[in-house]
Amino acid sequence: MILSSGRLREEVKEELKARFPVEEFRFYNKMKEAEVDLDQAEILISYGEDLTDELVAKAKSLKWIMVISAGLDKMPFKALQKKDILITNARGIHKTPMAEYTISMMLQVSRRAKELMDNQKQHKWDRKVPMTEISGQTIGILGTGAIGSEVARLAKAFNMETIGFNRSGGSVPNFDAIVDQEGINKLYEESDFIVNVLPSTPLTEGFIGAEAFARMKSSAVLINIGRGTTIVESELIEALRDKKILHAALDVFEKEPLSEESPLWDMDNVTVTPHLSGISPQYQERAIEIFSDNLKLYRSHKLSEMINIIPYDRGY
């Protein structure tokens, strides 16, 4: 039996049932409702934020979890590993909306959109607002997976130089240079735009802090679409106040929702968005497409050919 604890649209449910008529599906909108069938489920479709050690213990028949998101930082990996439960996710489906968000933020800052909108509200005609181009500038991307690579591909369309960071330092298409941990200062020092796409892991917690901000250009723009815990928020606020960087466009934060008392809301050199860079009307269809392809392989006992299998030790 295939159990879904994720709120799926009716047309997505009907599509799944039509594609796999021999499968038994049970759809719920949240885990509190789905828990009644959890002990019978062989496969679970989840957004990855509703599982606990206790629920994993109840899932006596569970063999595979499909997480229809990319983020896995709330998954109980130790409990899942003990039961050897296969985990796959929807890595790659966010690349289009998140890359478009990134480009839009770069253009928003370079074309001074916030100032122009303020001027419009005040009926103020000011042709001296300084306009700049992103063409010919350098973008540094922390994380060269599906999202980072798509950002780099779009950046090349704007004739930008692209520097990527990954753990191996191995080359990736659409990047002019790749650095590893030892060479990361090159990325900080040379980039006009720095895009953080890092996941939340023990290795990335507090990855970007005062030392990194000190190396960045005073004209640099930081865009965070990864995870809020990868940046030391207090040190970012200090860097912005001291004008060590020009601007920060932030879609994720250490704690969400962002506290109403946070100074980030009212800083002129900050753009705050409420963790929506990955939202797209095509989101569920893309995630279920990955699930459908993997389900065919799973039923054919071709587990090694399934995509987006998550290693327990990495957690992403």
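Quantities reported herein were computed from a predicted structural model and do not represent experimental measurements.

A few words now on the sheet that holds strand β2 (residues 25-27). Spatially, the 5 strands line up as an open sheet ordered β2-β1-β3-β4-β5, and their pairing is parallel. Unpaired on one side and paired on the other, β2 and β5 (86-89) mark the two borders of the sheet. Ignoring which end each strand starts from, the neighbouring axes of this sheet average 15° apart. In terms of strand pairing, strand β1 (residues 2-4) meets strand β3 (residues 43-46) through 3 bridges, oriented parallel. Of the residues in β3, the one forming a bridge with Ser 4 is Ile 45. Sheet contacts for helix α1 (residues 10-19): β2 and β3; angle to β2, the most-contacted strand, approximately 170°.

Let us look at the packing of aromatic side chains. For the structure on display, the rule yields 5 aromatic pairs. With centroids separated by 5.4 Å and ring planes inclined at 45°, the aromatic side chains of Phe 165 and Phe 207 adopt a geometry described as tilted. In this pair, Phe 165 is assigned in strand β7 (residues 161-165) and Phe 207 in the loop between β9 (193-196) and α9 (210-215), connecting sequence segments 42 residues apart. Grouping residues by exposure puts Phe 165 and Phe 207 together as buried. Site record: aromatic cluster; members linked through ring pairs are Trp 64, Phe 291 and Tyr 298.

Roughly 570 Å³ of internal volume is contained in the second largest pocket. Listing elements by their share of the lining of the second largest pocket, those giving two or more residues are α5 (95-110) and α6 (113-121). When residues of the lining of the second largest pocket are assigned to their parent elements, the largest contribution, 4 residues, is made by α6.

Moving on, we get to the packing of α1 against helix α11 (residues 283-299). Close contact between α1 and α11 brings their axes to 11 Å; oriented N to C, the two are set at 20°. By the angle class used here, α1 and α11 are roughly parallel. Two packed elements cross with a definite hand, and for α1 against α11 that hand is right-handed. The segment α1 lies against α11, with Val 12, Leu 16 and Arg 19 engaging Gln 284, Glu 285, Ile 288, Glu 289, Phe 291 and Ser 292. Here the residues of the contact of α1 with α11 are counted per class, giving 4 nonpolar, 2 polar and 3 charged.

Within the structure shown, the criterion is met by 18 salt bridges. A salt bridge links Glu 42 to Arg 299, with the shortest nitrogen-to-oxygen separation between them at 3.1 Å. Placement of Glu 42 in the loop between α2 (31-34) and β3 and of Arg 299 in helix α11 is noted, with a sequence separation of 257 residues between them. Among the residues examined, Arg 299 registers a relative accessible area of 33% and is labelled partly exposed. If you follow the salt bridges from partner to partner, you end up with Arg 9, Glu 11 and Glu 285 in one network.

For the rest of this paragraph, the subject is the pairing of strand β10 (residues 221-224). Across the two faces of β10 the burial is the same, with Val 221 and Ile 223 and Leu 222 and Asn 224 all buried. Note that β9 and β10 share 4 bridges and pair parallel. When the bridges of β10 are listed, Asn 196 appears paired with Asn 224. Where β10 meets strand β11 (residues 247-250), 4 bridges bridge the pair, whose relative direction is parallel. By the bridge assignment, Ile 223 is partnered in β11 with Ala 249. Regarding topology, helix α10 (residues 233-241) serves as the crossover connection from β10 to the parallel β11, and that connection is right-handed.

The next point concerns the sheet that holds strand β12 (residues 270-272). Read from one edge of the open sheet, 7 strands run β8-β7-β6-β9-β10-β11-β12, paired in parallel fashion. Every interior strand has two partners, whereas the edge strands, β8 (177-179) and β12, have only one. Taken pair by pair, the neighbouring strands of this sheet meet at an average axis angle of 15°, ignoring direction. Bridge count for β11 against β12 is 3 bridges, and the pairing is parallel. Across the sheet, residue Ala 249 finds its bridge partner in β12, namely Thr 271.

Let's shift gears to α1. Residues separated by three or four positions in an α-helix point in the same direction, a consequence of the helix having 3.6 residues per turn. Buried residues of α1: Val 12, Lys 13 and Leu 16, and no others. Mapping the buried residues of α1 onto a view down its axis gives an arc of 100°, with all of them on the same face. The elements touched by buried residues of α1 are β2, β3 and α11.

Position of Lys 217 relative to the elements: it lies in the loop between α9 and β10. Take Lys 217: its relative accessible area is 29%, and that puts it in the partly exposed class. Spatially, the C-alpha atom of Lys 217 lies 6.2 Å from that of Glu 189, the residues being 28 residues apart in sequence. Residues in contact with Lys 217, not counting those within four places in the same chain, are Tyr 188, Glu 189, Glu 190, Ser 191, Asp 192, Lys 244 and Ile 245. Here the side chain of Lys 217 touches Glu 190 through a polar contact of 3.4 Å, landing on its backbone oxygen.

Conventions we followed
Residues numbered from 1 in each chain as written. Predicted model: local features only at pLDDT ≥ 70, side-chain atom pairs only at ≥ 80, totals over all residues. Heavy atoms only, no water. Pairing = 2+ DSSP bridges. Helix = DSSP H or I, 4+ residues; strand = E, 2+ residues; numbered from the N terminus. Axes fitted to C-alpha atoms, helices over the stretch in contact; angles between N-to-C directions. Contact = heavy atoms within 4.5 Å. Phe/Tyr/Trp six-rings, centres within 6.5 Å; stacked < 30°, edge-to-face > 60°. Buried < 20%, exposed > 50% of the residue type's maximum accessible area, 1.4 Å probe, protein only. 1 Å grid on protein atoms, 1.4 Å probe; cavity = no way out; pocket = protein on both sides within 12 Å on 5 of 7 lines; lining within 4 Å. Points joined across faces, edges and corners; volume = space filled by probe spheres on them. Parallel < 35°, antiparallel > 145°, perpendicular 65-115°, else oblique. Left-handed = near helix turned anticlockwise from the far one by under 90°. Nonpolar A, V, L, I, M, F, W, Y, C, P; charged D, E, K, R; others polar. Salt bridge = Lys/Arg side-chain N within 4 Å of Asp/Glu carboxyl O. Right-handed = clockwise from strand over helix to strand, strands pointing away. Arc of directions from axis to C-beta. Polar contact = N/O pair within 3.5 Å; in protein donor to acceptor, adjacent residues only side chain to side chain.

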